[in-house]
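# Remarks on the overall topology
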Amino acid sequence: MTDLKQNTASLKSQARLKKRYRKERLFKAIGLSGLLSGLLALTIMMISILSTGLSGFSETRIKFDIYMDPEIIGSTDGYDETEYRDHIAQINHSTLIRNSLKIKFSDVKGRRDVFNLQKLVSSGSREEVRRLLIEDKNLIGKTIAMDLLASSNVDMYVKGQISRDVNQSERKISDRQLAWLDILESEGRILKGFNWKFFSTGDSREPELAGILGAAMGSFLTLLVTLLIAFPIGVASALYLEEFAPHNKWTDLIEININNLAAVPSIIFGLLGLAIFLNVFNMPRSAPLVGGLTLALMTLPTIIISSRAAIRAVPPSIRDAAIGMGASNLQAQFHHVLPLSMPGIMTGTIIGMAQALGETAPLLMIGMVAFIVDVPQGVLDAATALPVQIFLWADSPERGFMEKTSAAIIVLLVFLIMMNGLAIWVRHKFEKRW
Amino acid sequence: MDKTTVQELIQPTIKARNVDVYYGETHALMGIDLDIAPKTVTALIGPSGCGKSTFLRCINRMNDTIPSCRMTGKITLDGEDIYSKNIDVVQLRAKVGMVFQKANPFPKSIYDNVAYGPRIHGLAADDKDLDEIVFSSLQRSGLWNEVKDRLDKSGTALSGGQQQRLCIARTIAVNPEVILMDEPCSALDPIATAIIEELIADLKERFTIVIVTHSMQQAARLSQKTAFFHLGKILEFGDTSEIFTNPRVEKTKDYITGRYG
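Reading the values: the criteria
Here the residue index of a chain counts from 1 through its sequence in written order. All chains are assigned letters beginning with A, and all ligands numbers beginning with 1, in the order in which they are written. Whole-chain, interface and lining totals are the exception, using all residues; otherwise, since this is a predicted model, local features are given only for residues with pLDDT of at least 70 and side-chain atom pairs are given and counted only at 80 or more. Strands are runs of DSSP state E lasting at least 2 residues, helices are runs of H or I lasting at least 4, and numbering of each runs from the N terminus. Atoms considered for the radius of gyration are the C-alpha atoms alone. The globule rule reads 2.2 Å times the number of residues to the power 0.38. Contacts are defined on C-beta atoms placed from the backbone: any two residues whose C-beta positions lie within 7 Å are in contact. Either an automatic procedure or a domain database provided the assignment from which the domain bounds are taken. Charged means Asp, Glu, Lys or Arg here, nonpolar means Ala, Val, Leu, Ile, Met, Phe, Trp, Tyr, Cys or Pro, and polar covers whatever is left, Gly included. By definition, two strands form a pair when at least two bridges between them are found by DSSP. Every axis in this analysis is a line fitted to C-alpha atoms, fitted for helices over the stretch in contact. Angles between the N-to-C directions lie between 0 and 180 degrees. To sort residues by burial, count the other C-beta atoms lying within 10 Å of each one's C-beta; a count of 20 or more means buried, 12 or fewer means exposed, and anything in between means partly exposed. C-beta atoms are built from the backbone. pLDDT: the predictor's confidence for each residue, scored from 0 to 100. Given the number of residues in a helix, its expected span is that number minus one, multiplied by 1.5 Å.

In this section: the overall build of chain A. Scanning chain A for helices and strands turns up 18 helices and three strands. Against the compact-globule benchmark of 22 Å for 434 residues, chain A has a radius of gyration of 32 Å, which places it well outside the compact range. Structurally, chain A occupies a C-alpha span of about 110 × 70 × 40 Å along its principal axes. A fraction of 78% describes how many contacts in chain A between residues 6 or more apart in sequence connect residues 24 or more apart.

Each assigned domain of chain A is listed here: domain 1 (60–193) and domain 2 (213–430). The C-alpha centroid of domain 2 of chain A is placed 47 Å from the C-alpha centroid of domain 1 of chain A.

Let's shift gears to the interface of chain B and chain A. Listed as interface residues are 20 residues of chain B and, on the opposing side, 18 residues of chain A. Mapped by element, the contributors of at least two residues to the side of chain B that touches chain A are α3 (89–95) and α4 (110–121) of chain B. It is α4 of chain B that contributes the most residues to the side of chain B that touches chain A, four residues altogether. Taken together, the residues of the side of chain B that touches chain A break down into 11 nonpolar, six polar and three charged.

All names here are of chain B. Pairing in this open sheet of six strands is mixed, and the strands run β6-β7-β8-β3-β9-β10 from one edge to the other. Looking at which strands have only one partner, the edges of the open sheet turn out to be β6 (96–99) and β10 (233–239). Within the sheet, the average angular offset between the axes of one strand and its neighbour, ignoring direction, is 15°.

Attention shifts here to the environment of Leu-235 of chain B. For Leu-235 of chain B, the location among the structural elements is in strand β10. Aside from chain neighbours lying at most four places away, what touches Leu-235 of chain B is Phe-228, His-230, Val-249, Lys-251 and Thr-252 of chain B.

Turning our eyes to something else, we now look at the pairing of strand β8 (residues 208–212) of chain B. Residue and element names in this part refer to chain B. Within β8, five of the five residues are buried, which leaves the element mostly enclosed by the surrounding structure. Here β8 shows a buried face lined by Thr-208, Val-210 and Val-212 and a second buried face lined by Ile-209 and Ile-211. Both strand β3 (residues 41–45) and β8 contribute to a ladder of four bridges, which runs parallel. Note that in β8 the partner of Leu-44 across the bridge is Val-212.

All names here are of chain B. Overall, the predicted model of chain B reaches an average pLDDT of 90, with 96% of residues at or above 70. Put simply, helix α1 (residues 3–9) is where chain B has its lowest mean pLDDT, 51, and β8 is where it has its highest, 95. Across the predicted assembly, pTM comes out at 0.82 and ipTM at 0.87.

In this section: helix α11 (residues 249–261) of chain A. Taking 1.5 Å of rise per residue, 13 residues should cover 18 Å, and α11 of chain A covers 18 Å from first to last C-alpha, within 8% of that figure. The buried fraction of α11 of chain A amounts to zero of the 13 residues, a small share that puts the element mostly on the outside.

For the rest of this paragraph, the subject is the sheet that holds strand β5 (residues 80–81) of chain B. All names here are of chain B. Pairing in this open sheet of four strands is antiparallel, and the strands run β2-β1-β4-β5 from one edge to the other. Strands with a single pairing partner mark the edges of an open sheet, and in this sheet they are β2 (26–36) and β5. Note: strand β1 (residues 14–23) against strand β4 (residues 69–77), eight bridges, orientation antiparallel. Its bridge partner lying in β4, Tyr-22 is registered against Arg-70.

And the structure:
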């Protein structure tokens, strides 16, 4: 009797055990499939960005022999350094290039054809000729082999993004231009190289001339302001709320509001920045200073929340020890609690800064969305930021900007990965055990 | 004249009169009167939650850090009311040091742990002076020979018993008058406990020690005076030998013989 009872009990418990294991396996499978689909989406995104973006880091150049025609350049006798430079800046570089191109393709006649021929090279090549002449005045009268920057359309064709199979009216390069390119190609005059300009110049209307240094500089200055404002204020607020403020209804209310602010859409902060910094304080429009202040408002809740969590994680025994030694509350905080919570605070700050780096909406509201060619030198110069630059390029009709958009996204992602990596490193490096 | 009467003639270092402590609505201590004689070890014993740690924390005003805690009555140290407005709590805590239940060295070097108190109270004239204080404190806490080669290593890397002795060294580095110990051996093994007990017996020569303990044997071995706390009151206070051999109160007897607690 008892045996039988025990047997059925064990049978039942075995069945129950099986069911439990099955549930566990099912849960694991669901979790794993969720993870894998996330990874798949990430991979697809990365592949799509890399495949369009990587070509943005290279450029096409065409080798031409440029005749530095003294007749066009004119007489520079007796000019000193600055006079010479001013003179060279004013001459018609375009004609120099056009004439040299006409020498190469001597059969080209007629305004329209010559115009199309010159369209092969970028308008930026005028600048290249000018720079060469300024560097060395002895080049006047000589014929120099120059690798001129190709126009964006040629660049696109060379990169295979314009097909010669489609009808002439539907592509940006005419049959005539294609014929010239074929000749140049066969002579080995079409070269590909790394696009250094992309990292050393500001924005441009011409895709082949556009760079991200201006936007990167703008982002850097903006984040610098954000960090300088948000970090001390955020940490001090967290410390005050956690360790000094009385715990009553008011501090509860403040805490709830800080948590809510962290979830407020960022464009609201943009409106706030517009209303306060621009309209009330009359700060300069489009300036990294205002952008930084606005992003600081947005980042503050993140920093305060993570700092409070880090401060709370410091064991009370450390405070007791310091206070028991006769340290004042402030000394206990600054000598012991803050250093111990610093890894957590810094991690939160870096995550908050990474969030600010990727933010576009608030910057649109305060005018950091303008077309700005110059690289900003200070926090009061007009500037734009990396994500805004991406937004602007994505909005441009020129085909060449497509790869620039993706290339800028790659740069932004690299910055974000670097910042997150820094956060992880900081956490591991400075984490102390007690 | 026997030993007891001599001790009674000496002015007590700490005098508590009619001390009541509340945590919010909870009445934790009721009408505590206690005299603590200088250069003796006074043990506070009693079942958990009886208020002995609360009383201990009143003596250096550590309870000030608990917002809901309220205290009435009077505690004097060398005749001065420690809760009066003229008393600076920072200076009080330099005079009344504390060693906690769980060893809590700062996650800094051994040297910095001991040097922290002298630094914040400005006790050392120069670096040499500070070295001397650190050396003598570690010497007196019996830790010097074990750590002299690794003063720059973290205090948290030491063993539990060593950490507790480091905390004692840190406390005596500011040369206090009184050392409060809140179950200093409860987290230690018997050997480490024995070392600390020996140390406490030594320290008694220079400091007034008040120790909260759950170990009857420890109280019997170490202390000259024992106070038995029960439900927020002192049921019995007297010479340790008297309390352990001939308790006047039934509850004390039950507790020290292990019938409850």
